[in-house]
Amino acid sequence: MGYLAKLRVWRGDKSGGQLVDHSVEVSEGEVVLDIIHRLQATQAPDLAVRWNCKAGKCGSCAAEINGRPRLMCMTRMNTFAEDEEITVTPMRTFPVIKDLVTDVSFNYEKAREVPAFDPPKDLAPGEYRMAQVDVQRSQEFRKCIECFMCQNVCHVIRDHEDNKEAFSGPRFLMRIAELDMHPLDQTDRKNMAQEEHGLGMCNITKCCTEVCPEHIKITDNAIIPMKERVVDNKYDPLVWLGRTITRRKSD
Amino acid sequence: MATSLEHGTGAPARASIKEKHLRTDRWWIQPLISVVVLVSFIIYATWRAFENAYYYTEPLISPFYSPCLAQSCVDGSSSILGQPIGAWWTISPALLILIFPLGFRMTCYYYRKTYYRSFWMSPPGCAVSEPHKSYSGETKFPLIGQNIHRYFFFAGLVFNVLLTIDAILAFKNADGQWGHMSVGTLVLLANATFLWMYSLSCHSCRHAVGGRLKHFSKHPFRYKMWTGVSRLNAHHAKFAWVSLFGVALADLYVRSVASGAITNLYFF
């Protein structure tokens, strides 16, 4: 029941490249990554592609398929018409290394800028005790597989290279939210999110949520709650007054 | 073959692809629909706000004119708040109040997404390049003002209470006697209900009832409220559109009755 799919794959490196047409056999039940592997095995042995788990859990094979950020291993071929041209390109926000492989080190640099979990000084590892209701909000964000498709699709850096210094991107704003909501974390990360990680640059257009393969509600559950927390700290005089009167630092 | 593009996805060292996007689906339909619907609403609401007529016929008042706070309001149209503005306000009384629902929707997290995408094209669609050469998001004036959304939310709650009272008053008949119900009653009730759903599903509401807490276990009641609002919040976009249509249709119905174009049908 196989057929020949029309594939356009970007080939090149940072000095330049182009979309190259291929015709590749497809069998029932296959995903785009299978087809890329067949292309590599039969027609383009030098094609560079990063992959690992083939199960949507490592995030390595993130690319853009027909212009949309997708995991190649989770994009089934039967979602396309047999005569449809399928375009596969590397993620377009990060520097390209070769063909479908990009240099995602921007994300690791941003990860290092987020201060680590800061538990109470008098608690040793193993002594942490938390109520499930307190920690469950943060747990949604732990599903992140770091495919960086949310970073890739975010127009703040995708369309504005110059913003990369000031803006950490949805993945790391979510990390800050995860820690700020954590019941044992002692660091106040609200002003940090706004001033050092560019939370204010996010205009909540939700593309990060749309592309997340783990279906994490990045915008509704992480970024907007952090924006509201920043408003408490920086822009709401009534909250400031209430905190001053009650001498309350946080809840 | 070095790329000649300098902005957007054509920045140096990225894959050189000259197309602004490679999407093949109809990603432009959603922003297009948003533009058509919102522009239609703005035109209709502006016309009605300035029309200054056909907004009250006992017992129905248009949501665009409630509360009617000026002395120029037609007899019987002012709510429990009376007419504190007095006689100096001579233009449409709708203009006194519409800033609050307008501000609530303009600063709403959902509508922000919608108009940033569809009007400002920032971005027009996911993975579709935006036309702007620079971008600072909501860090500078005027967009930093989006942070006052919670104040509009609280003002919106006051309006919801007043519009609910209007819906209850619609259980009167045209002679002011209680115990009657008409199509107009249902219209105002539906409008008030949709507005409550929209307000209670608001992200600022979610934050205020419990979202700002770090320890839900210390605040079980607020956790329960946060859980309930979170459920509604998942449908915030739906409520945003339904309530927008609800307000416009409620006004259109009241206008039609008040102008004599249709008769308000009474069930009992």
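Caption draft 1: Representation of the overall build of chain B. Looking only at helices and strands, chain B features nine helices and two strands. What you see in chain B, going N to C, is helices and strands ordered as α-β-β-α-α-α-α-α-α-α-α. Overall, chain B is about 80 × 50 × 40 Å in size when its C-alpha atoms are taken along their principal axes. The buried share of chain B, reckoned over its 268 residues, is 50%. Taking contacts inside chain B between residues at least 6 apart in sequence as the whole, the part at least 24 apart equals 64%. Roughly 12800 Å² of accessible area belongs to chain B as shown, and the carbon and sulfur atoms make up 70% of that amount. Each charge class in chain B can be summarised by its mean position, and for the 23 positive and 11 negative side chains these summaries are 15 Å apart.

Caption draft 2: A look at the packing of aromatic side chains. Within this structure, the stated rule accounts for 21 aromatic pairs over all chains. Both rings, one in tyrosine 223 of chain B and one in tryptophan 226 of chain B, keep their centres 6.2 Å apart while their planes meet at 20 degrees; by these two values the pair is stacked. Taken together, the residues span about one helical turn, with tyrosine 223 of chain B and tryptophan 226 of chain B both in helix H8 (residues 220–233) at a distance of three residues. For the pair tyrosine 223 of chain B and tryptophan 226 of chain B, one class covers both residues: buried. Through successive ring pairs, a cluster of aromatic residues spans Phe104, Tyr110, Tyr111, Phe153, Phe154, Tyr198 and Trp241 of chain B. Here lysine 164 of chain A stacks its cationic end above the ring of phenylalanine 106 of chain A, 5.5 Å away from the centre of that ring. In this structure, arginine 112 of chain B is placed above the aromatic ring of tyrosine 109 of chain B, and the distance from its NZ or CZ to the ring centre is 4.3 Å.

Caption draft 3: Quick peek at the pattern of salt bridges. Applying the stated rule across the entire model yields 33 salt bridges over all chains. Two residues, glutamate 161 of chain A and arginine 14 of chain B, come together in a salt bridge whose shortest N-O distance is 2.5 Å. Within this pair, whereas glutamate 161 of chain A is found in the loop between helix H5 (155–158) and helix H6 (170–180), its partner arginine 14 of chain B is found in the segment before helix H1 (29–51), the two belonging to separate chains. In this structure glutamate 161 of chain A comes out as partly exposed when scored by relative accessible area, which is 33%. Residues aspartate 180 of chain A and lysine 190 of chain A are paired through a salt bridge, measuring 3.3 Å at the closest nitrogen-oxygen approach. Taken as a pair, aspartate 180 of chain A in helix H6 and lysine 190 of chain A in helix H7 (residues 190–195) lie far apart in primary sequence, ten residues in all. For the pair aspartate 180 of chain A and lysine 190 of chain A, a shared accessibility class is recorded, and that class is buried. Among the charged side chains, a salt-bridge network with shared partners connects Glu228, Asp232 and Asp236 of chain A together with Arg150 and Arg212 of chain B.

How each quantity is defined
Residues numbered from 1 in each chain as written. Chains lettered and ligands numbered in written order. Predicted model: local features only at pLDDT ≥ 70, side-chain atom pairs only at ≥ 80, totals over all residues. Heavy atoms only, no water. Helix = DSSP H or I, 4+ residues; strand = E, 2+ residues; numbered from the N terminus. Buried < 20%, exposed > 50% of the residue type's maximum accessible area, 1.4 Å probe, protein only. Contact = heavy atoms within 4.5 Å. Areas by Shrake-Rupley, 256 points an atom, 1.4 Å probe, with all protein chains shown as cover. Lys, Arg positive; Asp, Glu negative; His and termini not counted. Charge placed at Lys NZ, Arg CZ, Asp CG, Glu CD. Phe/Tyr/Trp six-rings, centres within 6.5 Å; stacked < 30°, edge-to-face > 60°. Lys NZ or Arg CZ within 6 Å of the ring centre and 35° of its normal. Salt bridge = Lys/Arg side-chain N within 4 Å of Asp/Glu carboxyl O.

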